[in-house]
Amino acid sequence: MPFLFSSSFRSIDVRGGRISLFPHVLRVWDFIRTLPHAQISIASRTETPDRAREVLGLLKTPWGNTMMDNVVHAQIYPGSKMKHMRRLHEITGVAYEDMIFFDDESRNREVERLGVTFVLIDEDEGLSEAAFCQGLWTYANMKIETKMKQDDPDTKGHRPPRY
């Protein structure tokens, strides 16, 4: 096993490197858990999916389980985020327009072409409460924009792709 669990919500690998959560992640995830019909899914591009799943399975939460226990669907494998989002859509049945995707790589903004709300987060700060609120605000505005376009015969209520 390449990782050993330690206290303080950390995993420590056998080489002495530390993997820990960004400070706000647990508060954001705890809030999401209170929302009816909300799901946490992961779309991760990695060459080591088994290790990623292992770490998520070791990171403990204050509410008595692991980070992985809170994930409804995990798409963790090499490939584009477009592929990940398409697969999440197929598995969950959730419309692209009802997904919010937080990521620290601007190249993954491409998921907006599917209708997913994309929120670019700071790679050094991670998913902060401010970034999460910004994502909710962006999502709400896009829903309003879409609702206003429902009578438009070209869009039929769907958000037009962004290029």
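One can find the structure itself at the top, above this paragraph.
Residues numbered from 1 in each chain as written. Predicted model: local features only at pLDDT ≥ 70, side-chain atom pairs only at ≥ 80, totals over all residues. Heavy atoms only, no water.

Caption draft 1: Representation of the overall build of the protein within the structure. A tally of helices and strands in the protein yields four helices and seven strands. Counted from the first residue to the last, the protein has its helices and strands arranged as β-β-β-α-β-α-β-α-β-β-α. Burial statistics for the protein: of 163 residues in total, 36% are counted as buried. When contacts within the protein are restricted to residue pairs at least 6 apart in sequence, long-range pairs at least 24 apart make up 53% of them. Roughly 9,700 Å² of accessible area belongs to the protein as shown, and the carbon and sulfur atoms make up 52% of that amount. (Helix = DSSP H or I, 4+ residues; strand = E, 2+ residues; numbered from the N terminus. Buried < 20%, exposed > 50% of the residue type's maximum accessible area, 1.4 Å probe, protein only. Contact = heavy atoms within 4.5 Å. Areas by Shrake-Rupley, 256 points an atom, 1.4 Å probe, with all protein chains shown as cover.)

Caption draft 2: Highlighting the nonpolar core. If you look at the biggest cluster of nonpolar residues, it comprises 20 residues, and the most contacted ones within it are W29, I42, M67 and L127. Of all the elements in the fold, those that place two or more residues in this core are α1 (25–34), α2 (49–58), β5 (73–76) and α4 (129–148). Element by element, the count of residues in this core is highest for α1, at five residues. When neighbours within four sequence positions are excluded, M67 is seen to be in contact with L21, V25, L26, W29, L56, L59 and T61. Counting 11 residues, the second largest nonpolar core, distinct from the first, contains A43, M99, F101 and L114. (Core = buried A, V, L, I, M, F, W, Y, C linked by side-chain atoms within 4.5 Å.)

Caption draft 3: Region of the structure containing the packing of aromatic side chains. Applying the stated criterion across every chain, the model contains three aromatic pairs. Between F101 and F118 the ring centres are 6.0 Å apart and the planes differ by 50°, which places this aromatic pair in the tilted class. Separated by 17 residues along the polypeptide, F101 in strand β6 (residues 100–103) and F118 in strand β7 (residues 117–120) bring together distant segments of the chain. Neither F101 nor F118 differs from the other in exposure class; each is buried. (Phe/Tyr/Trp six-rings, centres within 6.5 Å; stacked < 30°, edge-to-face > 60°.)

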